[in-house]
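Secondary and tertiary structure notes
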Amino acid sequence: MKYKIVKLQSVNSQPKASILLIYTGGTIGMLYDDSGSLVPLNFGHIMDRISYLKGFDINITVISFPTPIDSSSITLKHWNDIAYIIFENYDGYDGFVVLHGTDTMAYSASAISFMLEGFRKPIIFTGAQLPIGAARSDARENLITALDIASTRENRKPMVEEVCIYFNYLLLRGNRAKKVESVHFNAFESENYPPLAEAGVEIEYNQPVLYRHRKNITPSFKRISESNVAILKIFPGITPGVVESILSIKGLKGIVLETFGNGNTLADLWFMNYLKTAIKSGIIIFNVSQCMGGRVVQSKYQTGKMLEEMGVVSGGDITTEAAITKLMYLLSNEDSIEKVKERLRIPICGEMS
């Protein structure tokens, strides 16, 4: 892929940081066409919109995807491209900011957090609910503060050393966030983990909850190549035909099972038999709660115990977005079903308690 690259040099001869800004597309870089639909701006127009960044105390290199994408069209290839760009430029920059559409930002941030295991620099995803050229756009504040966070250091070390989402004054762990709004500016929440920072007059960091990598972990980049997975959301009245159609998908490797409350599901014999058959055939089933602030505890109720006994893996308090990307990541990089199951149960980079 041939990327477009522009450098924005700070007016300060000794800027405080050097940041790589990766523009993938999304609402932040769109405008309304004659029909009223949002369409991507070309790279030149985006640069015109953010030229004010030259006045910041930061050197910024902007890399753009050749064709900006709507985030609803994101694929594994895009995740691999984003991760590879950061990996290739890891030593050359103090931090990274990724401009991305909001619809799948939580999926992408989760995926990148697994793919770049052990990275000790800030990787901040941000975007906007309104295009950057709109009079009331939230794009300017989101971008400026994301750059500020990505360039902040304490005792010559990055204040943040994980993949995050910054949006509407809150910094959230990327693999703990979910998109919850499409019409208000507070688009993301992290119900199962507190905000890492809140931006006001000052940016107040919640130091105890910031992620710190173990010293013996060497930063690595591992691709995601396996997408033969699915999400099965349980609902009252679900039929055997629906369940069978998903579990019988040719080549299926794993399922994220969205269950009620603490991990409960229907106790019907036909349903349990479908799950048992799937597990015996080598399909991994990862149990997550449908609740925003939910946590799976498979030992709490009878149906949960049945799932535990047949080999369904509990996802604890992981989000669906992190669960499906973690499943893809492990299926892509582990050589046995048992190893995938083992690593699903334990945190890789703060995605679950």
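Scroll up to find the structure.
Notes on the structure in this doc start here. What you see is a predicted model; the values in this text were computed from it and never measured. For every chain, the first residue of the written sequence is number 1, and numbering continues from 1 along that sequence. Since the coordinates come from a predicted model, pLDDT governs what is reported: local features require at least 70, and pairs of side-chain atoms require 80 or more to be given and counted, while whole-chain, interface and lining totals use all residues. Computation of side-chain values: all heavy atoms of the structure, hydrogens and water removed.

1. Let's talk about helix H9 (residues 337–344)
Note on exposure labels: buried denotes an accessible area under 20% of the residue type's maximum, exposed denotes more than 50%, and partly exposed covers the range between, all computed with a 1.4 Å probe on protein chains only. Secondary structure follows DSSP: runs of H or I at least 4 residues long count as helices, runs of E at least 2 residues long count as strands, and numbering of each begins at the N terminus. Taken residue by residue, H9 has Val 340, Lys 341, Arg 343 and Leu 344 as its buried positions. Of the surrounding secondary structure, the elements contacted by the buried residues of H9 are helix H6 (269–280), strand S18 (284–289), strand S19 (313–314) and helix H8 (320–333). Any two residues whose heavy atoms approach within 4.5 Å at even a single point are treated as in contact.

2. Some words on the packing of H8 against H9
All axes here are fitted lines through C-alpha atoms, helices being fitted over the stretch that makes contact, and every angle between N-to-C directions spans 0 to 180 degrees. It is at 9 Å that the axes of H8 and H9 come closest, and there the two elements cross at 145 degrees. Where H8 crosses over H9, the two elements pack in a sense that is right-handed. Contacts from Lys 326, Leu 327, Leu 330 and Leu 331 of H8 reach H9 at Val 340, Arg 343 and Leu 344. Left-handed describes a crossing whose near helix is turned anticlockwise from the far helix by less than a right angle; the clockwise case is right-handed.

3. Description of the side chain of Thr 126
Checked against the element boundaries, Thr 126 lands in strand S7 (residues 123–126). Looking at Thr 126, the relative accessible area reads 0%, which means it is buried. Two N or O atoms form a polar contact when they lie within 3.5 Å of each other; inside protein one atom must be a possible hydrogen donor and the other a possible acceptor, and for residues adjacent in sequence the pair counts only when both atoms belong to side chains. Here the side chain of Thr 126 touches Tyr 166 through a polar contact of 2.8 Å, landing on its backbone oxygen. Once residues lying within four places of it in the same chain are set aside, the contact partners of Thr 126 are Val 97, Val 98, Leu 99, His 100, Met 105, Asn 142, Leu 143, Ala 146, Tyr 166 and Phe 167.

4. A word on the packing of aromatic side chains
Only rings of Phe, Tyr and Trp enter the pairing, Trp through its six-membered ring, and a pair is recorded when the two centres are within 6.5 Å. The plane angle decides the type: under 30 degrees is stacked, over 60 is edge-to-face, the rest tilted. Counting across every chain of the model gives 9 aromatic pairs. A ring pair is formed by Phe 87 and Phe 221, whose centres lie 5.5 Å apart and whose planes are at 35 degrees; its orientation type is tilted. Taken together, the positions of Phe 87 in helix H2 (residues 76–88) and Phe 221 in the loop between strand S15 (203–205) and strand S16 (229–233) put the pair 134 residues apart, joining distant regions of the chain. Owing to a relative accessible area of 17%, Phe 221 belongs among the buried residues under this scheme. Taken together, a centroid distance of 5.8 Å and an interplanar angle of 85 degrees make the contact between Trp 270 and Phe 271 edge-to-face. The structure contains a cluster of three or more aromatic residues connected by ring pairs, namely Tyr 84, Phe 87, Tyr 90, Phe 119 and Phe 221. Above the face of the Tyr 90 ring, Lys 121 is positioned so that its terminal group lies 4.6 Å from the ring centre. A ring has a charge above it when a Lys NZ or an Arg CZ is no more than 6 Å from the ring centre and no more than 35 degrees off the ring normal.

5. Some details on the pattern of salt bridges
Should a side-chain nitrogen of Lys or Arg be within 4 Å of a carboxyl oxygen of Asp or Glu, the pair is scored as a salt bridge. Within the structure shown, the criterion is met by 15 salt bridges. Each member of the salt-bridge network shares a partner with another, and the members are Glu 117, Glu 334 and Arg 343.

6. Here we look at the pairing of strand S17 (residues 254–259)
Most of S17 is tucked away: 6 of the 6 residues are buried. Residues Gly 254, Val 256 and Glu 258 point to one face of S17 and Ile 255, Leu 257 and Thr 259 to the other, with burial holding for every one of them. Both S16 and S17 contribute to a ladder of 5 bridges, which runs parallel. Following the sheet pairing, Leu 232 is matched in S17 by Leu 257. The handedness of the S16 to S17 crossover, carried by helix H5 (residues 240–247), is right-handed. Across 6 bridges, S17 lies against S18 in parallel orientation. Pairing of Glu 258 across the sheet is with Val 288, part of S18. Chirality of the crossover, the property in question, places the unit of S17, H6 and S18 among those that are right-handed. Pairs of strands are assigned from DSSP output, requiring at least two bridges between the strands. Seen with its strands pointing away from the viewer, a crossover is right-handed if its path from the first strand over the helix to the second goes clockwise.

7. Focus: empty space enclosed by the protein
Space inside and on the surface of the protein is sampled on a 1 Å grid over the protein atoms alone, with a cavity defined as a set of points where a 1.4 Å probe fits but cannot get out and a pocket as an open set with protein on both sides within 12 Å along at least 5 of 7 lines; lining residues have an atom within 4 Å of a point. Grid points are joined across faces, edges and corners, and a volume is the space filled by probe spheres set on the points. All chains considered together, the criterion is met by 1 cavity of 30 Å³ or more. Reported here for the largest cavity is a volume of approximately 80 Å³. Ser 113, Leu 116, Phe 119, Lys 121, Ile 123, Glu 161, Glu 162, Val 163, Asn 175, Tyr 211, His 213 and Cys 349 together form the lining of the largest cavity. Partitioning the lining of the largest cavity into residue classes produces 6 nonpolar, 3 polar and 3 charged. Following the grouping adopted for this structure description, the nonpolar residues are Ala, Val, Leu, Ile, Met, Phe, Trp, Tyr, Cys and Pro, the charged ones are Asp, Glu, Lys and Arg, and the polar ones are all others, Gly among them.

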